[in-house]
Amino acid sequence: MLMPPLRALPLLAGTLLALTSCGGPAIDITKATQVTDLTTGWYDAGVENGQNKLVPTIGFRLKNVIALPIRNVQLNAVFRRVGETEEWGSAFTRVIGDEGLAPGAMTNQIVLRSNRGYTSTDPRSQMLRHSEFKDARVQVFAKQGSQQWAPLGEWNMQRVLIVPTYKPELPGPKS
């Protein structure tokens, strides 16, 4: 049955609104993106309760490898110590918003740090060599919009120290 054009307008408007509010067509985020510039290691998280703290950290960029813009992407990292199944720490972030990531474009560097790590009075460089130090792995999951979480990849943490880059403000006149 054909609807008169004026009566079809609300239905057409509702359909268009539903499609645009979802951020575009659903995509398989694991096939639409490529992980590049990957680094892992142990971030110097400063001092906590008088002890040095190191937390497992992963850094990378995502590249859009499909012909459509990608919108509304979130990442969840789950950190585990090697040989253990229990979650040791996690990190969550939204990496691509409504503005989208154009075809062929890459995100800025994404850094995910565990909320848990090792603490010790030992110097940070010695902490990585301690006999009780256990290596860690990270699984990164991604989702676009309201889709289910999908595995993006799994990596071992390298036993390297990642030192924060501080840019102290120098005294003097500001330009």
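For the structure given in this document, a descriptive report is provided here.

What counts, and where the lines are drawn
Residues numbered from 1 in each chain as written. Predicted model: local features only at pLDDT ≥ 70, side-chain atom pairs only at ≥ 80, totals over all residues. Heavy atoms only, no water. Salt bridge = Lys/Arg side-chain N within 4 Å of Asp/Glu carboxyl O. Helix = DSSP H or I, 4+ residues; strand = E, 2+ residues; numbered from the N terminus. Buried < 20%, exposed > 50% of the residue type's maximum accessible area, 1.4 Å probe, protein only. Polar contact = N/O pair within 3.5 Å; in protein donor to acceptor, adjacent residues only side chain to side chain. Contact = heavy atoms within 4.5 Å. Core = buried A, V, L, I, M, F, W, Y, C linked by side-chain atoms within 4.5 Å. Pairing = 2+ DSSP bridges. Axes fitted to C-alpha atoms, helices over the stretch in contact; angles between N-to-C directions.

1. Section: the pattern of salt bridges
- Enumeration over the complete set of coordinates arrives at 9 salt bridges.
- Two residues, R159 and D135, come together in a salt bridge whose shortest N-O distance is 2.8 Å. In this pair, R159 sits in the loop between β8 (150–156) and β9 (161–162) while D135 sits in the loop between α3 (124–127) and β7 (136–144), placing the two residues 24 residues apart along the sequence.
- A relative accessible area of 28% places D135 in the partly exposed class.
- A single network of salt bridges, built from pairs that share partners, joins R81, E84 and K134.

2. Section: the side chain of T57
- In this structure, T57 sits in strand β2 (residues 51–64).
- On the accessibility criterion, T57 (4% relative accessible area) is buried.
- Polar contacts involving the side chain of T57 include one to the main-chain carbonyl oxygen of V55, which spans 3.1 Å.
- Excluding residues within four positions of it along the chain, T57 makes contact with T39, T40, G41, Y43, F79, V111, L112, R113, M157 and I162.

3. So, the nonpolar core
- Among the nonpolar cores identified, the biggest contains 30 residues, and W42, F60, L75, L112, V138 and V140 are the most heavily contacted of them.
- At the level of secondary structure, the elements contributing two or more residues to this core comprise α2 (29–32), β2, β3 (73–81), β4 (89–96), β5 (110–113), β7 and β8.
- When neighbours within four sequence positions are excluded, L112 is seen to be in contact with P56, T57, I58, F60, L75, A77, F79, A91, T93 and V140.

4. Quick word on the pairing of strand β1 (residues 33–48)
- One ladder, built from 12 bridges, connects β1 with β2; its direction is antiparallel. When the sheet's bridge partners are listed, V35 is paired in β2 with L62.
- Hairpin connection, β1 to β2: the antiparallel pair is bridged by 2 residues, and N49 has positive phi, about 55 degrees.
- In terms of strand pairing, β1 meets β9 through 2 bridges, oriented parallel. Opposite W42, over in β9, you have L161 as the bridge partner.

5. Things to note about the sheet that holds β7
- If you trace the 4 strands from one edge of the open sheet to the other, you get β4-β3-β7-β8, paired in antiparallel fashion. Of all strands in the sheet, those bounded by a partner on one side alone are β4 and β8. In this sheet, neighbouring strand axes are inclined to one another by 20 degrees on average, regardless of whether the strands run parallel or antiparallel.
- Two strands pair when backbone bridges link them, and β7 and β8 are joined in this way by 6 bridges, in the antiparallel orientation. When the sheet's bridge partners are listed, F141 is paired in β8 with P151.

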